[in-house]
Amino acid sequence: MRFGKKLALQVMDDQSGAPYLSHKPMKEAINRTVRELRLLQAATQGNGDAGANMAALTPAGLAELEERVASLDHQLFVLVDEDLERIIKHIRVGEAQLQQHIL
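Residues numbered from 1 in each chain as written. Predicted model: local features only at pLDDT ≥ 70, side-chain atom pairs only at ≥ 80, totals over all residues. Heavy atoms only, no water.

Novice: Explanation requested: the packing of helix α2 (residues 23-45) against helix α4 (residues 59-102) in the structure shown.
Specialist: Axis angle and axis distance: for two packed helices, these are the angle between their axes and the distance between the axes, and together they describe the pair. For the pair α2 and α4, the least separation of the axes is 9 Å and the interaxial angle reads 160 degrees. Classified by the angle between their axes, α2 and α4 sit roughly antiparallel to one another. By crossing handedness, the relation of α2 to α4 is classed as left-handed. Contacts from Pro 25, Met 26, Ala 29, Ile 30, Arg 32, Thr 33, Glu 36, Leu 37, Leu 39, Leu 40, Ala 43 and Thr 44 of α2 reach α4 at Leu 62, Leu 65, Glu 66, Arg 68, Val 69, Leu 72, Asp 73, Gln 75, Leu 76, Leu 79, Val 80 and Asp 83. The class makeup of the residues in the contact of α2 with α4 is 15 nonpolar, 3 polar and 6 charged. (Axes fitted to C-alpha atoms, helices over the stretch in contact; angles between N-to-C directions. Helix = DSSP H or I, 4+ residues; strand = E, 2+ residues; numbered from the N terminus. Parallel < 35°, antiparallel > 145°, perpendicular 65-115°, else oblique. Left-handed = near helix turned anticlockwise from the far one by under 90°. Contact = heavy atoms within 4.5 Å. Nonpolar A, V, L, I, M, F, W, Y, C, P; charged D, E, K, R; others polar.)

If you want it as structure tokens, here you go:
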């Protein structure tokens, strides 16, 4: 069974209210980044079918492609940071509740 399917089943079964990673948006962001990186690699190396199609890419076009890759990379890490913030907040609330029970 694939990770996404396992995660979806776990989230459905979990009644704790714990936050999980945004698997689907993260996967989509990674896929878009990989697609752009492949275009960038083909353009800079000039090999294969994509390289032949990208041979006429100007330095400005290359810079735009690099900028898109950097933007997609930033979007992915914004998602990760948001997920981690929610997870850490949930953990801190749980820690505070445990501390109250101990004292």
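Novice: Honestly, the environment of Leu 62 in this entry has me stumped. Any pointers?
Specialist: Along the chain, Leu 62 turns up in helix α4. In this structure, Leu 62 is in contact with Leu 40, Ala 43, Thr 44 and Leu 57, ignoring residues within four places of it in sequence.

Novice: Honestly, a nonpolar patch on the surface in this entry has me stumped. Any pointers?
Specialist: Taken together, the side chains of Leu 98, Ile 102 and Leu 103 present a nonpolar region at the surface, about 410 Å² in accessible area. By secondary structure assignment, the location of Leu 98 is in helix α4. (Patch = residues over 30% accessible without salt bridge, like charges linked within 9 Å, V, L, I, M, F, W, Y side chains within 5 Å. Areas by Shrake-Rupley, 256 points an atom, 1.4 Å probe, with all protein chains shown as cover. Salt bridge = Lys/Arg side-chain N within 4 Å of Asp/Glu carboxyl O.)

Novice: Looking at this structure, how should I read α2?
Specialist: One turn of the α-helix equals 3.6 residues, which is why residues spaced by three or four share an orientation. Helix length check: α2 (23 residues) gives 32 Å between terminal C-alpha atoms against 33 Å at 1.5 Å per residue, within 8%. Those residues of α2 not exposed but buried are Met 26, Ala 29, Thr 33, Glu 36, Leu 40, Ala 42 and Ala 43. (Expected span 1.5 Å × (residues − 1). Buried < 20%, exposed > 50% of the residue type's maximum accessible area, 1.4 Å probe, protein only.)

Novice: I tried to follow the pattern of salt bridges on my own but got confused; where do I start?
Specialist: Side chains that differ in sign of charge can pair as their charged atoms come close. Going through the model one piece at a time under the given rule, you end up with 4 salt bridges. The partner of Glu 64 in a salt bridge is Arg 68, and the shortest N-O contact between them spans 3.1 Å. Of this pair, Glu 64 and Arg 68 are both found in helix α4, 4 residues apart, which corresponds to roughly one turn of the helix. The closest approach of N and O atoms between Asp 83 and Arg 86, which form a salt bridge, is 2.6 Å. With Asp 83 and Arg 86 both in helix α4 and 3 residues apart, the pair spans about one turn of that helix. Overlapping salt bridges, with partners in common, bring together Glu 36, Glu 64 and Arg 68 in one network.

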